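# Summary of structural features
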Amino acid sequence: MEAKEDAATEQWGGTWRTPTNDEFGELLDICKWKWEENFHGSGVSGYLGTSKKNGNKIFIPATGNKFVGENPSNETAGYWSSTLYDRYSPCAYYTDFAKAGIEWDVFTFRGRGMSIRAVTK
């Protein structure tokens, strides 16, 4: 994906960008994941990842998805990667963080409403 197509780069500029599918895979591998209901009393559910190396933490909130016929939910969240599906460029890879489990290396049409977790250097 080119920078001009990357929502994180377009919105925030500088070195901000959407992570690649491989970077999501690496994040999933290096952390132990646990579903959290009402994270720290915030009213938001999602996955808490704890680094197996240094104990650092990352929280991935359940933001829901805006697919045709589906409503936002506090039990799922699709997060886009910047990696286009190599066989059909209108599709891109995403990671689904759902209460039922985490699914990585899946793809769908880029027009579907999902979240972006921007990264920077």
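The sections below set out a description of the structure shown in this document. (Residues numbered from 1 in each chain as written. Predicted model: local features only at pLDDT ≥ 70, side-chain atom pairs only at ≥ 80, totals over all residues. Heavy atoms only, no water.)

## Section: the overall build of the protein
- Per the secondary structure count, the protein includes two helices and six strands.
- Its helices and strands taken in sequence order, the protein reads α-α-β-β-β-β-β-β from the N to the C terminus.
- Its C-alpha radius of gyration of 14 Å places the protein within 12% of the 14 Å reference for a compact globule of 121 residues.
- Taken along its principal axes, the extent of the C-alpha atoms in the protein is 35 × 35 × 25 Å.
- A burial count over the protein gives 40% of its 121 residues as buried.
- Considering only residue pairs separated by 6 or more positions, the protein has 39% of its internal contacts joining residues 24 or more positions apart.
- Accessible surface, the protein: about 7500 Å² in total, of which carbon and sulfur atoms supply 49%.
- Between the mean site of the 14 positive side-chain charges and the mean site of the 16 negative ones, the protein shows a separation of 5 Å. (Helix = DSSP H or I, 4+ residues; strand = E, 2+ residues; numbered from the N terminus. Rg over C-alpha atoms; globule rule 2.2 N^0.38 Å. Buried < 20%, exposed > 50% of the residue type's maximum accessible area, 1.4 Å probe, protein only. Contact = heavy atoms within 4.5 Å. Areas by Shrake-Rupley, 256 points an atom, 1.4 Å probe, with all protein chains shown as cover. Lys, Arg positive; Asp, Glu negative; His and termini not counted. Charge placed at Lys NZ, Arg CZ, Asp CG, Glu CD.)

## What to know about the pattern of salt bridges
- In total, this model carries four salt bridges according to the counting rule given.
- The shortest N-O distance in the salt bridge between arginine 110 and glutamate 5 comes to 3.3 Å. Taken together, the positions of arginine 110 in the segment after strand 6 (101-109) and glutamate 5 in the segment before helix 1 (7-12) put the pair 105 residues apart, joining distant regions of the chain.
- Of the residues examined, glutamate 5 reaches a relative accessible area of 38% and is grouped as partly exposed.
- In this structure, the salt-bridge partner of lysine 34 is glutamate 36, at a minimum N-O distance of 3.7 Å.
- Looking at lysine 34, the relative accessible area reads 51%, which means it is exposed. (Salt bridge = Lys/Arg side-chain N within 4 Å of Asp/Glu carboxyl O.)

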